[in-house]
Amino acid sequence: MMSYTVRRIDAKKLALGVRDWEGLTQRYVAADYNKLSYFENREYSFYSSLAYTYDRRYTFTGSYRNDYSNLFGADPKLRRTPLWSVGGKWLLHNEAFFNNEWISELSLRSTIGVTGNFDRNNSTTTFLTATRFFNNIADDFVARLQTPPNPKLRWESSRTFNAGLDLGLLANRFVVNVDYYNKFSYDLLGSQELDPTVGLTNAYVNAAELSNKGIEFGIQANILQNRPFEWSSQLNLAYNKSKVISNKITDTNPRLNRPRDVVPFLEGYERESLWSYRWAGLDEKGRPQTYGADGEKVLVPVEESLELNGTTRPRYSGSFNNTLRYKGFNLSIFTVFNLGQVARMEMPEMYGYVWDSSYNNKIAKRWRQPGDEHKTDIPAIPLMEDFFELADDYSRLATLSSNSVFDASFLRVREIQLGYTLIDSQFLKSLPFKSVRAVMQVNNVFLWKANKSGLDPEAVVSRMYYLPEPMVYTFGLNLTL
């Protein structure tokens, strides 16, 4: 039997480092353990709204809101942001001149307004901030700078215009909704690299303007109704196109930063653009290659090696839901799909000197001998001389080249549900229940994917492949007294 004991440690000695059984140096940094964090955000809001309908034909809406936050304290005029919206709806089907027995509803609507957002994670501030902690080496309390002062820090804001049409046919047996939106976002926060000699490497500043435009379409249909067998469907479709209009953040090294999405706002391109090095295959030694400024194959990428592979945000998305009913039975099938986006699969770094016991399984297909470059795109484990000469470029080309990009479009049957409800039955008269409902549900029933690698696009996040959603069976029983 063993019991826990407590004993003193030499924090200074541990801060300098001790060797473990593998010969690695392990350090104890008191600042990583002996610390206490406390955040206090003070904010309050005033909000008002108004809605008025005249003669069942015209509806007007409006809202106004003022938000105040202590995160914007340097300039009083920046402590608050007025948020507002105005809108209107014209119900044409209630006009005296409108007379159509097929159309049960026809209305036009439009809104425009401004919304705002600020960083609640304390990564931005108008003041210079620092973290105070005890340092073992200095044997005293020290302070480490966290954020530089930014007296011009402002809210992130978005101005959105929306116009829509609602159409109902045959006593709203069929309902169609169409929306167009134009969203202009400005004063977006981004990380600006700083000269390290100022004591900090980066700062968050209001830097970019972004445009999002799109169309959304929806239709609800009671295809069969008022009979023993009923069938209803809902179809939703959406299209979105984004573009960075302006950006004040300087990219000090596009060759390295762009494939890693370090500077997300690249003027003239979509916010979710995916950049890679143009893949040029392996050379005769199994080393990854890209194309240089003059189109030649090189081992070290340059800015001209970059290429745009698409966007990680679906250009088209939608869902399709069908519900069937027959007496006490009901069956629903829910399907979703995303089209027009790309993703990056995880590739082995082929960094032969990393202290890690896990590797990507693609390493089994790596280059081993001359001639393998014609049948694989997984580089060889680098030789010592290649490792020192190519350094990190070897891993960059192995993991961030265009051969790792795949079409992430998919269609998934998200859910199938079958239920039966028993009400007013002779069987229930002998039981203390008013109704009995049994439901069986299956999730993630079927997946069609555009890529040929067998990857579930929803399981790939930032080049990391997580476990895909499993097929799940659920059974439920609802008894009503």
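Coordinates for the structure precede this section.
Since the structure is predicted, the reported quantities are computational estimates derived from the model, not experimental observations.

Here we take up the overall build of the chain. Helices and strands together make up the secondary structure of the chain, namely four helices and 26 strands. Computed over its C-alpha atoms, the radius of gyration of the chain comes to 30 Å, more than 25% above the 23 Å expected for a compact globule of 481 residues. Residues counted as buried form 37% of the 481 residues belonging to the chain. Taking the contacts inside the chain whose residues are at least 6 apart along the sequence as the reference set, 63% of them involve residues at least 24 apart. Roughly 30,000 Å² of accessible area belongs to the chain as shown, and the carbon and sulfur atoms make up 56% of that amount. When the 56 basic and 53 acidic side-chain charges of the chain are each reduced to a single mean position, those positions are 6 Å apart.

Within the structure shown, the criterion is met by five aromatic pairs. With a centroid separation of 6.4 Å and 10° between ring planes, the pair formed by Y54 and Y58 is classed as stacked. Seen from their ring centres, F329 and Y420 are 4.4 Å apart, and the 45° between their planes marks the pair as tilted. Taken together, the positions of F329 in strand 19 (residues 329-339) and Y420 in strand 22 (residues 410-423) put the pair 91 residues apart, joining distant regions of the chain. For Y420, a relative accessible area of 32% translates into the label partly exposed. In this structure, R258 is placed above the aromatic ring of W275, and the distance from its NZ or CZ to the ring centre is 4.7 Å. Over the face of the ring belonging to F265 we find R271, whose NZ or CZ atom lies 5.6 Å from the ring centre.

A few words now on unusual backbone geometry. Phi is positive for A171, close to 55°, though the residue is something other than glycine. With respect to the element layout, A171 can be found in the loop between strand 9 (156-169) and strand 10 (174-193). What makes A171 exposed here is its relative accessible area of 71%. Its identity as a non-glycine residue notwithstanding, K327 has a phi of 55°, on the positive side.

Another point: the side chain of N403. One can find N403 in the loop between helix 4 (392-399) and strand 21 (405-407). Overall, N403 belongs to the buried group, its relative accessible area being 17%. Engagement of the side chain of N403 in a polar contact is seen with the side chain of D377, the distance being 3.0 Å. Not counting the four nearest positions on each side in its chain, N403 is found in contact with W279, M347 and D377.

With 17 residues, the main nonpolar core has A343, M345, M350, Y394 and F406 as its most contacted residues. Setting aside residues no more than four positions away along its own chain, Y394 makes contact with G286, R287, P288, M350, P379, A380, I381 and P382.

By secondary structure assignment, the location of S242 is in strand 12 (residues 229-247). Taking the relative accessible area as the measure of exposure, S242 reaches 2% and is therefore buried. Excluding anything up to four places from it in sequence, S242 contacts L210, S211, N212, E270, R271 and E272.

This next bit is on the sheet that holds strand 16 (residues 297-298). Spatial ordering of the open sheet is given by 14-15-16, a layout of three strands whose pairing is antiparallel. Because the sheet does not close on itself, it has two edges, and the strands there are strand 14 (279-282) and strand 16. Of the pairings in the sheet, the one linking strand 15 (residues 288-291) to strand 16 comprises two bridges and is antiparallel in character. Along strand 16, the bridge assignment pairs Y291 with K297.

Rules used in this analysis
Residues numbered from 1 in each chain as written. Predicted model: local features only at pLDDT ≥ 70, side-chain atom pairs only at ≥ 80, totals over all residues. Heavy atoms only, no water. Helix = DSSP H or I, 4+ residues; strand = E, 2+ residues; numbered from the N terminus. Rg over C-alpha atoms; globule rule 2.2 N^0.38 Å. Buried < 20%, exposed > 50% of the residue type's maximum accessible area, 1.4 Å probe, protein only. Contact = heavy atoms within 4.5 Å. Areas by Shrake-Rupley, 256 points an atom, 1.4 Å probe, with all protein chains shown as cover. Lys, Arg positive; Asp, Glu negative; His and termini not counted. Charge placed at Lys NZ, Arg CZ, Asp CG, Glu CD. Phe/Tyr/Trp six-rings, centres within 6.5 Å; stacked < 30°, edge-to-face > 60°. Lys NZ or Arg CZ within 6 Å of the ring centre and 35° of its normal. Polar contact = N/O pair within 3.5 Å; in protein donor to acceptor, adjacent residues only side chain to side chain. Core = buried A, V, L, I, M, F, W, Y, C linked by side-chain atoms within 4.5 Å. Pairing = 2+ DSSP bridges.

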